[in-house]
Amino acid sequence: MARRHVVAVDIGGTETKAALVSGTSESVAAEKHARRATPGELAPLLDVIAELVDELSNASEHEIDAVGIVAPGIVDEANGVGVYTTNLPWSQFPFSAVMTERLGVPVAFGHDVRAAGLAECRMGAAKDLRNAVIMPIGTGIAGALLLDGRIYSGEGFAGEIGHVNVGHGVPCACGQIGCVETMASSAAIARRYTARTGTPVKGAAEVALRVRDGEQDAVAVWHEAVDALARGILVLATLLGPEAVVLGGGLALAGDLLVDPLRERLDGLIAFQRRPELRLAALGDEAGFLGAALLAIDTLEA
């Protein structure tokens, strides 16, 4: 199997991360990293991507074979198009075609969560599974659906588990009510704790520390988040019957503090459904650009 050298770029809402990555279609490793603030307009963002690729290409001892770019929102991987995103500056933008012409190497464009899921499936916590959901929990919540050994995209629309109505009635920024992520995302946990106590916190990690200390308000917010997550996972279990749900993102760093009560709540909800095993993701915050690298290598070997 040929060893490839690629640049992987992970576009985030506030920061765009990139890495020089080498490996095969089965396993890759990052060698050098770079990052920039994500601009609020499209043209400067394309400039930032080109700068990152140039910087890491110059740092490589090898010719760069391809570039992989991943982003949030609705993504049409087959055509390399960013269809829609709430917080970033594009709509129906042909990333693959534009950046291939600009960079002079093949460019794969994909969805950040599905790319992270691909990495976990090939070299991480889902490697032994054929049916699973890889669910990073960060600013929002989405899932990469592994169905019969393949990541399923639904033409870019599949996996938005964060926007399933689990009955709590709180409005979501998406326009619906009752969404999982208005209770259970890392951002929501921090926001709801601050609203409840009047004490600002930087993120869910601070709330988790207070849960470990037994603080009543933190425990209440955590319980609401766990309940919403469990109800979302119940929907996945009912519709898809996954062998496991792999929890990633910042909230998964809480480890047993998240998994133990989530397992207990899920046990209380499960009726006839296959009870999915709960696992913690193995690749951390590198999963997105490792997946982007795998997409780039897949493009070369298609």
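Scope of this entry: the structure provided in the associated data block. (Residues numbered from 1 in each chain as written. Predicted model: local features only at pLDDT ≥ 70, side-chain atom pairs only at ≥ 80, totals over all residues. Heavy atoms only, no water.)

## Observations concerning the overall build of the protein chain
Link 1 in the chain: When you go through the protein chain residue by residue, the secondary structure sums to nine helices and 13 strands.
Link 2 in the chain: With respect to the principal axes defined by its C-alpha atoms, the protein chain has extents near 55 × 40 × 35 Å.
Link 3 in the chain: Of all 302 residues assigned to the protein chain, the portion counted as buried reaches 53%.
Link 4 in the chain: Long-range contacts, defined here as pairs at least 24 residues apart, represent 60% of the contacts in the protein chain between residues at least 6 apart.
Link 5 in the chain: Accessible surface, the protein chain as shown: approximately 13300 Å² in total, 50% of it carbon and sulfur. (Helix = DSSP H or I, 4+ residues; strand = E, 2+ residues; numbered from the N terminus. Buried < 20%, exposed > 50% of the residue type's maximum accessible area, 1.4 Å probe, protein only. Contact = heavy atoms within 4.5 Å. Areas by Shrake-Rupley, 256 points an atom, 1.4 Å probe, with all protein chains shown as cover.)

## Observations concerning the pairing of strand β12 (residues 244-248)
Link 1 in the chain: The element β12 is largely enclosed, with a buried count of five among its five residues.
Link 2 in the chain: On β12, burial covers both faces: Ala244, Val246 and Gly248 on one face and Val245 and Leu247 on the other are all buried.
Link 3 in the chain: By the bridge criterion, five bridges tie strand β9 (residues 132-136) to β12 in an arrangement that is parallel. Bridge pairing links isoleucine 134 to valine 246 in β12.
Link 4 in the chain: Bridging between β12 and strand β13 (residues 277-280) involves four bridges; their strand directions are parallel. Its bridge partner being in β13, valine 245 is matched across the sheet by leucine 278. (Pairing = 2+ DSSP bridges.)

## Regarding unusual backbone geometry
Link 1 in the chain: The backbone of aspartate 148 sits at a positive phi, close to 50°, despite the residue not being glycine.
Link 2 in the chain: Mapped onto the elements, aspartate 148 comes out in the loop between β10 (144-147) and β11 (150-152).
Link 3 in the chain: A positive phi angle, close to 55°, is found at glutamate 155, a residue other than glycine.
Link 4 in the chain: Assessed through its relative accessible area of 63%, glutamate 155 is described here as exposed.

## Overview of the layout of surface pockets
Link 1 in the chain: One number sums up the size of the second largest pocket: a volume of about 660 Å³.
Link 2 in the chain: Contributing to the lining of the second largest pocket are 26 residues, with Leu118, Arg150, Ile151, Leu295 and Asp298 lying nearest its centre.
Link 3 in the chain: The greatest single-element share of the lining of the second largest pocket, amounting to five residues, is contributed by helix α3 (residues 112-123). (1 Å grid on protein atoms, 1.4 Å probe; cavity = no way out; pocket = protein on both sides within 12 Å on 5 of 7 lines; lining within 4 Å. Points joined across faces, edges and corners; volume = space filled by probe spheres on them.)

## Focus: the packing of aromatic side chains
Link 1 in the chain: Overall, the coordinates contain three aromatic pairs when judged by the stated rule.
Link 2 in the chain: On the basis of an interplanar angle of 10° and a centroid distance of 4.3 Å, the ring pair of phenylalanine 95 and phenylalanine 109 is categorised as stacked. Here phenylalanine 109 lies in strand β8 (residues 107-111) and phenylalanine 95 lies in helix α2 (residues 95-103), a separation of 14 residues in the sequence.
Link 3 in the chain: Residue class for phenylalanine 95 comes out buried when judged on its relative accessible area of 0%. (Phe/Tyr/Trp six-rings, centres within 6.5 Å; stacked < 30°, edge-to-face > 60°.)

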